[in-house]
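Okay, here's what each chain looks like letter by letter:
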Amino acid sequence: MDDTRPWDFIIIGSGFGGSVAAHRLTQKGYRVCVLEMGERRETEDIPRTNWNLRKSLWAPRLGLRGMLSIVVLKDAVIFRGIGVGGGSQVYANVHLEPLPPFYSDAKWSGLADWRAELAPCYAEARRMLGSAEVPKIFPSDEALRDELTALGRGHTFKKHTVGVFFGPEGETVPDPYFGGDGPPRTGCTYCGSCMLGCRVGAKNTLRTNYLYFAEKAGARIVPNREVVDLRPAGGGDGGHGYEVVSRCPKAFGARDRRVDTARQVIIAAGALGTVRLLADCKRRGALPALSDELGNFVRTNSESIQGVTARGKDYSGGVAITSGGFVDEQTHVEVFRYGQHADALSWLSTVQVGGGTLPRPLYFLAAAMRHPGVALKQLFWPFGWSRGLAGVLAMQATDTSMRLRLKRRWYWPRSFALSSEWGDRQRPPTFMPAVNELTARLATRLGGYPGSILPEVLLNTTTTAHVLGGASIGAGPDRGVIDQRHRVFGYRGLYVVDGSAVPANLGVNPSLTITAMAERAMSLIPPREQEKGATLFTE
């Protein structure tokens with residue numbers, strides 16, 4: 001393939017939004033290049049245990065080039081996936097549609113009948129991602145069901161649909177999803193290690209569907225390329241295309257930089273990556289017309305993460321998340337597991353901490369003094385932690401948000417980094433009393449002790465694996481960064497198609513919604529032979 005010619009589209013990022021874009025655009029005849037910051041990792045290269053930090057965690061300057069990045073901001077601790085396939089490598093496989101408030105959120109409710117427009121896109125996303133109901137539940141799921149029933153909420157308990165192949169356990173078979181045109185799949189063995197990366201080959205990552213077909217149709221996927229600059233060719237509004245500057249993430253300074261050109265660009269680097277890139281381009285004057293709404297309305301899905309640790313017991317079997325329900329009308333809860341080989345994350349867990357009118361760290365100190373053995377064991381004796389873990393993930397569709405801003409690093413004034421701030425809107429929760437109560441009840445039933453996330457209680461932050469927004473859809477540049485067709489206000493041929501486009505909290509795991517929104521966005525781009533004369537750009 002001749003890479004000296006400008007690409008029709010360069011896609012920045014290979015997560016759910018970028019992968020959908022790559023597949024659909026190659027289907028329509030476009031020349032597509034995908035630039036991905038992380039590694040390309042085959043199934044056999046996935047580490048058996050996350051004590052293999054080099055292949056598990058992402059910190060390239062430290063030589064760690066794994067699939068999980070943990071970002072600590074002033075007001076939030078954020079988990080995200082890195083590498084070819086993005087978050088699909090380490091997500092919990094859950095495919096759920098959002099709660100009703102999502103569709104009617106004021107940020108976008110007047111722009112379309114979103115429930116109707118997204119309905120066929122959800123169906124197609126399920127088909128492509130191989131969604132299937134989990135065939136069975138496990139002891140920690142049964143405990144959740146029983147406790148919800150005791151609280152009068154048993155009717156809300158349901159098994160989830162997930163992106164996992166439930167064929168004959170451990171047996172590899174020809175493609176079961178796409179009439180034999182897709183890759184072979186291996187039946188799930190219920191090891192529970194989905195969020196470490198599936199070593200079996202049962203997890204339907206994006207490399208088994210969207211990215212697989214994109215490459216088959218000619219898309220070029222380039223790993224280890226971090227995009228550090230994006231500018232219109234020749235200046236202006238992008239009508240003459242774009243120059244995309246990238247580097248190897250572990251390179252310092254200007255080394256290993258290269259410039260690719262494209263007629264159009266889709267930014268799909270995830271909420272943190274997209275906001276960081278666009279904010280830097282706006283700061284340096286490369287994209288000066290970007291909306292001042294950039295970085296506003298960043299959503300955490302109003303999440304809280306807690307859990308039960310039962311040392312000496314085994315709750316690790318299953319898939320990452322099998323079921324869920326509602327502890328009250330607005331709080332969706334799920335039990336999650338990490339498998340038997342995730343003890344390196346045990347430092348994130350501590351004693352359960354309540355809340356109230358005093359600063360949260362004071363409640364943490366009081367809880368640690370009441371249960372010093374538990375606190376010390378969690379911190380200094382990780383072995384066996386994930387085997388006995390029954391994590392609790394809570395999500396709400398409430399209208400909470402924070403802001404992301406680019407600020408100078410205090411220790412290196414010439415460099416900038418994302419920083420969070422609450423702003424003047426309702427902040428995401430750092431303490432959910434009903435979830436604390438449920439977790440304590442689960443601990444009694446499972447024979448363990450309840451716990452909280454250490455950074456959440458020590459720093460009074462929110463913790464999320466599903467950061468959204470920051471470059472969201474709006475009616476105009478005074479209300480959002482992109483229009484309802486995902487086109488960036490003020491520029492031609494520039495799109496945002498990832499979680500940063502999502503304007504509201506969903507109250508459930510967001511991967512299916514990001515995929516469905518990307519499907520809708522790509523359906524609005526005409527085939528290449530029809531592109532001439534079509535209205536592709538914002539006015």
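Below is a summary of the structure that appears in this document.

### Quick word on the nonpolar core
In terms of nonpolar packing, the biggest core is built from 127 residues, with Leu25 and Ile266 touching the most fellow members. Not counting chain neighbours up to four residues away, the residues in contact with Ile266 comprise Phe9, Ile10, Ile11, Ile12, Ala21, Leu25, Tyr495, Val497 and Met522. Grouped together as the second largest cluster of nonpolar side chains are 19 residues, Val327, Val392, Ala394 and Met432 included.

### What to know about the sheet that holds strand β6 (residues 76-81)
The strand order across the open sheet built from 3 strands is β5-β6-β25, with neighbouring strands paired in mixed fashion. With partners counted over all chains shown, the strands left at the sheet margins are β5 (68-72) and β25 (462-464), one partner each. Between one strand and the next, the sheet's axes are offset by a mean angle of 10°, whatever the strand orientation. Bridging between β5 and β6 involves 5 bridges; their strand directions are antiparallel.

### Observations regarding the sheet that holds strand β19 (residues 331-336)
Taken together, the 7 strands give an open sheet; going across it, the order is β8-β18-β19-β21-β17-β24-β20, and neighbouring strands pair in antiparallel fashion. The sheet is open, and its two edges are formed by β8 (158-159) and β20 (349-351), each paired on a single side. Running over the sheet, helix α4 (residues 139-150) touches β18 (321-328), β19 and β21 (389-396) and is turned about 15° from β18. Packed onto the sheet, helix α9 (residues 433-446) meets β17 (304-309), β18, β19, β21 and β24 (449-453) and runs at close to 15° relative to β17.

### Quick word on a nonpolar patch on the surface
A contiguous nonpolar patch, built from Trp347, Leu376, Leu379 and Phe380 and spanning about 440 Å² of accessible area, is present on the exposed surface. Considering the arrangement of structural elements, one finds Phe380 in helix α8 (residues 372-380).

### Points about the state of the cysteines
Throughout this description, disulfide means a covalent bond between two cysteine sulfur atoms. Tallying each qualifying case throughout the model produces 0 disulfides. Cysteine Cys248 shares no disulfide, and the gap to the nearest cysteine sulfur, in Cys33, comes to 15 Å. Of the residues examined, Cys248 reaches a relative accessible area of 12% and is grouped as buried.

### Quick notes on the packing of α4 against α9
In contact at an axis separation of 10 Å, α4 and α9 are set at 125° when each is read in the N-to-C sense. Regarding the angle of α4 to α9, the classification is oblique. Judged by the twist between their axes, the crossing of α4 over α9 is right-handed. Residues Pro139, Ser140, Ala143, Leu144, Asp146, Glu147 and Ala150 of α4 form the contact with α9, whose participating residues are Leu438, Arg441, Leu442, Arg445 and Leu446. Residues belonging to the contact of α4 with α9 are distributed by class as follows: 7 nonpolar, 1 polar and 4 charged.

### Details of the pairing of β24
Counting buried positions along β24 yields 4 of 5 residues, so the element is predominantly enclosed. Two strands pair when backbone bridges link them, and β17 and β24 are joined in this way by 4 bridges, in the antiparallel orientation. Across the sheet, Val308 pairs through a bridge with Pro450, a residue of β24. As defined by bridge partners, β20 adjoins β24 across 3 bridges and the pair is classed as antiparallel. The residue bridging Thr350 from the neighbouring strand is Ser452, located in β24.

### A few points about the packing of aromatic side chains
As enumerated under the stated definition, the model contains 15 aromatic pairs in all. For the pair Phe9 and Tyr495, a centre-to-centre distance of 6.3 Å together with 45° between the ring planes defines the contact as tilted. With Phe9 in strand β1 (residues 7-12) and Tyr495 in strand β27 (residues 494-496), this residue pair connects regions lying 486 residues apart in the sequence. Overall, the relative accessible area of 3% leaves Tyr495 in the buried class. With centroids separated by 6.2 Å and ring planes inclined at 85°, the aromatic side chains of Phe336 and Tyr338 adopt a geometry described as edge-to-face. On the basis of relative accessibility, which here comes to 10%, the residue Phe336 falls in the buried class. Each residue in the set Phe165, Tyr177, Phe178, Tyr212 and Phe213 is aromatic and connected to the rest through ring pairs, giving one cluster. Note that Arg31 overlies the ring of Trp7, its terminal NZ or CZ placed 4.5 Å from the centroid. Here the basic side chain of Arg283 rests over the ring of Phe416, its NZ or CZ set 3.9 Å away from the ring centre.

Each value, and the rule that gives it
- Residues numbered from 1 in each chain as written.
- Predicted model: local features only at pLDDT ≥ 70, side-chain atom pairs only at ≥ 80, totals over all residues.
- Heavy atoms only, no water.
- Core = buried A, V, L, I, M, F, W, Y, C linked by side-chain atoms within 4.5 Å.
- Buried < 20%, exposed > 50% of the residue type's maximum accessible area, 1.4 Å probe, protein only.
- Contact = heavy atoms within 4.5 Å.
- Pairing = 2+ DSSP bridges.
- Helix = DSSP H or I, 4+ residues; strand = E, 2+ residues; numbered from the N terminus.
- Axes fitted to C-alpha atoms, helices over the stretch in contact; angles between N-to-C directions.
- Patch = residues over 30% accessible without salt bridge, like charges linked within 9 Å, V, L, I, M, F, W, Y side chains within 5 Å.
- Areas by Shrake-Rupley, 256 points an atom, 1.4 Å probe, with all protein chains shown as cover.
- Salt bridge = Lys/Arg side-chain N within 4 Å of Asp/Glu carboxyl O.
- Disulfide = S-S within 2.5 Å.
- Parallel < 35°, antiparallel > 145°, perpendicular 65-115°, else oblique.
- Left-handed = near helix turned anticlockwise from the far one by under 90°.
- Nonpolar A, V, L, I, M, F, W, Y, C, P; charged D, E, K, R; others polar.
- Phe/Tyr/Trp six-rings, centres within 6.5 Å; stacked < 30°, edge-to-face > 60°.
- Lys NZ or Arg CZ within 6 Å of the ring centre and 35° of its normal.

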